[in-house]
Amino acid sequence: MNAPYPPPPPPPAAGRDRTTLWGVLGIVLGLICCGILGIVFGWLSIRDAKRFGKSPVLGYLAIAFGVINIVGSAIWRASGRGLYWYR
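Keep in mind the model is a prediction, meaning the values are calculated, not measured.

Engineer: How would you sum up the packing of helix α1 (residues 19-32) against helix α2 (residues 35-52)? Please name residues and give values.
Structural biologist: Contact geometry of α1 with α2 gives a least axis separation of 7 Å together with a crossing angle of 160 degrees. Classed by the angle they form, the pair α1 and α2 counts as roughly antiparallel. In this structure, the crossing between α1 and α2 has a hand that is left-handed. In this structure, α1 uses Thr19, Trp22, Gly23, Leu25, Gly26, Leu29 and Gly30 to contact α2, whose residues at the interface are Gly35, Leu37, Gly38, Phe41, Leu44, Ser45, Asp48, Ala49 and Phe52. Split into classes, the residues belonging to the contact of α1 with α2 amount to 8 nonpolar, 7 polar and 1 charged.

And the structure:
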């Protein structure tokens, strides 16, 4: 005889899912001001997405925009047009 399958585990608590919050914060901060914070919030979004079984796309976008912000800022400051580099 075949033994019945055990019941599935209970779903995680819905109140702790901040995947979208971290992803949106990471995208906004990564685009506007702080690339490092965009990367951090993107990582938090990916972590929560894996934990709660959601899509990690917002986290990946936040990390990408954070990296673009950091690289773009470095190029802009190296060209001599940074806010603190007056000629």
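Engineer: Outline the UniProt feature "transmembrane region" (unreviewed entry) in the chain, supporting the account with residue identities and numerical values.
Structural biologist: Here the UniProt-annotated "transmembrane region" (unreviewed entry) positions come out as residues 20-45 and 57-76. End C-alpha to end C-alpha, residues 20-45 measures 7 Å, and it is 92% helix and 0% strand. Across residues 57-76 one finds 100% helix and 0% strand; the C-alpha atoms that close the span lie 28 Å apart.

Engineer: Account for the environment of isoleucine 63, with residues named and values stated.
Structural biologist: Structurally, the position occupied by isoleucine 63 is in helix α3 (residues 57-78). Judged by relative accessible area, isoleucine 63 falls into the partly exposed class, the value being 25%. Considered as a pair, isoleucine 63 and glycine 38 are 25 residues apart in the sequence and their alpha carbons are 6.0 Å apart. Apart from the residues lying within four places of it in its own chain, the contact partners of isoleucine 63 are Gly38, Ile39, Gly42, Trp43 and Ile46.

Conventions adopted
Residues numbered from 1 in each chain as written. Predicted model: local features only at pLDDT ≥ 70, side-chain atom pairs only at ≥ 80, totals over all residues. Heavy atoms only, no water. Axes fitted to C-alpha atoms, helices over the stretch in contact; angles between N-to-C directions. Helix = DSSP H or I, 4+ residues; strand = E, 2+ residues; numbered from the N terminus. Parallel < 35°, antiparallel > 145°, perpendicular 65-115°, else oblique. Left-handed = near helix turned anticlockwise from the far one by under 90°. Contact = heavy atoms within 4.5 Å. Nonpolar A, V, L, I, M, F, W, Y, C, P; charged D, E, K, R; others polar. UniProt positions renumbered as here; feature names shortened; annotations may be inferred. Buried < 20%, exposed > 50% of the residue type's maximum accessible area, 1.4 Å probe, protein only.

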